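Letter by letter, the chains look like this.
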Amino acid sequence: MRIEAVAYDHPDVADLIEQVQQEYVVRYGGPDVTPLSASEFLPPHGVFLAGYRDGSPVATGGWRARDSDVVGLEDGDAEIKRMYVVPAARGLGYARAILGELERRAARAGRKRMVLETGLRQPEAIGLYESAGYREIPKFGVFADEPHSRCFAKELVDSTGW
């Protein structure tokens, strides 16, 4: 899989986001209503990635800078949004590759901790994050009072030495 930084409103990303929103509808009865804008994913305050296999978009995910102005978050946080792999490409390590690249880019941008929200009806996502070293934290954001919501965090280390 080839990973590229792309705009949040890039047509390939828009298609993958529509697919993940439909998956949320199936699993939870509605889409993710977290307010997002394309500008939140522009460097140095964020990035959005698309993964391509044989020229077709198969995976996506992004991070946006977050700070302590949101209850439960800390200055220097980076929040993962819209992680998704198309069903035909699951189980091939693409989600882990996107996650790793998001972590590297957030650390290089000076972010100290990666945070995310997911849900109990996404056990494969929870398994991925836990196996990658994420630990559960108190809930934050739009779904803080949602009983099926779970939030996770991982400290970031900039391995580039910069």
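An account of the accompanying structure is given in this report. A quick note: this is a predicted structure, and the numbers were derived from the prediction, not measured.

1. As for the pattern of salt bridges
Under the counting rule described, the total for this entry stands at 18 salt bridges. Note that arginine 27 is salt-bridged to glutamate 124, the shortest N-O span being 2.6 Å. Residue arginine 27 is located in helix H1 (residues 11-28), and its partner glutamate 124 is located in helix H3 (residues 123-131); the two are separated by 97 residues in the primary sequence. Owing to a relative accessible area of 21%, arginine 27 belongs among the partly exposed residues under this scheme. We note a salt bridge from glutamate 136 to arginine 150, for which the minimum N-O separation is 3.5 Å. With glutamate 136 in strand E6 (residues 135-137) and arginine 150 in strand E7 (residues 149-155), this pair connects stretches of sequence that are 14 residues apart.

2. Let's talk about the side chain of glutamate 23
Along the chain, the position of glutamate 23 falls in helix H1. Looking at glutamate 23, its side chain comes within polar contact range of the side chain of arginine 90, at 2.8 Å. Setting aside chain neighbours within four positions, we find glutamate 23 in contact with Tyr84 and Arg90.

3. Remarks on the nonpolar core
One broad trend across soluble globular proteins is that nonpolar side chains are buried collectively. Of all hydrophobic cores here, the largest spans 31 residues; its most connected members are Ile80, Met83, Leu99, Leu102, Met114, Tyr129 and Tyr134. Those elements that place two or more of their residues in this core are H1, strand E2 (46-53), strand E3 (56-66), strand E4 (77-85), helix H2 (94-108), strand E5 (113-119) and H3. Look past the residues within four positions of tyrosine 129 in its chain and what remains in contact with it is Ile80, Met83, Leu99, Leu116 and Tyr134. Val6, Val13, Ile17 and Phe48 belong to the second largest nonpolar core, which has 8 residues in total.

4. Considerations on the environment of proline 123
Looking at the element boundaries, proline 123 is found in helix H3. Taking the relative accessible area as the measure of exposure, proline 123 reaches 53% and is therefore exposed. Along the backbone, proline 123 and valine 13 are 110 residues apart, and their C-alpha atoms lie at a distance of 23 Å.

5. Description of the side chain of arginine 66
Mapped onto the elements of the fold, arginine 66 is located in strand E3. Other than its neighbours up to four places away in sequence, arginine 66 contacts Leu73, Glu74, Gly76, Asp77, Glu79 and Arg111.

About the cut-offs
- Every chain begins its residue count from 1, and numbering advances along the sequence as written.
- This being a predicted model, a pLDDT of at least 70 is required before a residue's local features are given, and a value of 80 or more before pairs of side-chain atoms are given or counted; all residues contribute to the totals for chains, interfaces and linings.
- To obtain the side-chain values, all non-hydrogen atoms of the structure were included, while hydrogens and water were left out.
- What makes a salt bridge here is a side-chain nitrogen of Lys or Arg within 4 Å of a carboxyl oxygen of Asp or Glu, nothing more.
- Every helix listed is a DSSP run of H or I at least four residues long, and every strand listed is a run of E at least two residues long, numbered separately from the N terminus.
- With a 1.4 Å probe rolled over the protein chains alone, any residue whose accessible area is under 20% of its type maximum counts as buried; one over 50% counts as exposed, and the rest are partly exposed.
- As used in this structure description, the phrase polar contact means that two N or O atoms lie within 3.5 Å; if the pair is within protein, one of them must be able to donate a hydrogen and the other to accept it, and residues adjacent in sequence are counted only when both atoms belong to side chains.
- What makes two residues a contact is simply this: any of their non-hydrogen atoms within 4.5 Å.
- In this description, a nonpolar core means a group of buried Ala, Val, Leu, Ile, Met, Phe, Trp, Tyr and Cys residues linked to one another through side-chain atoms lying within 4.5 Å.

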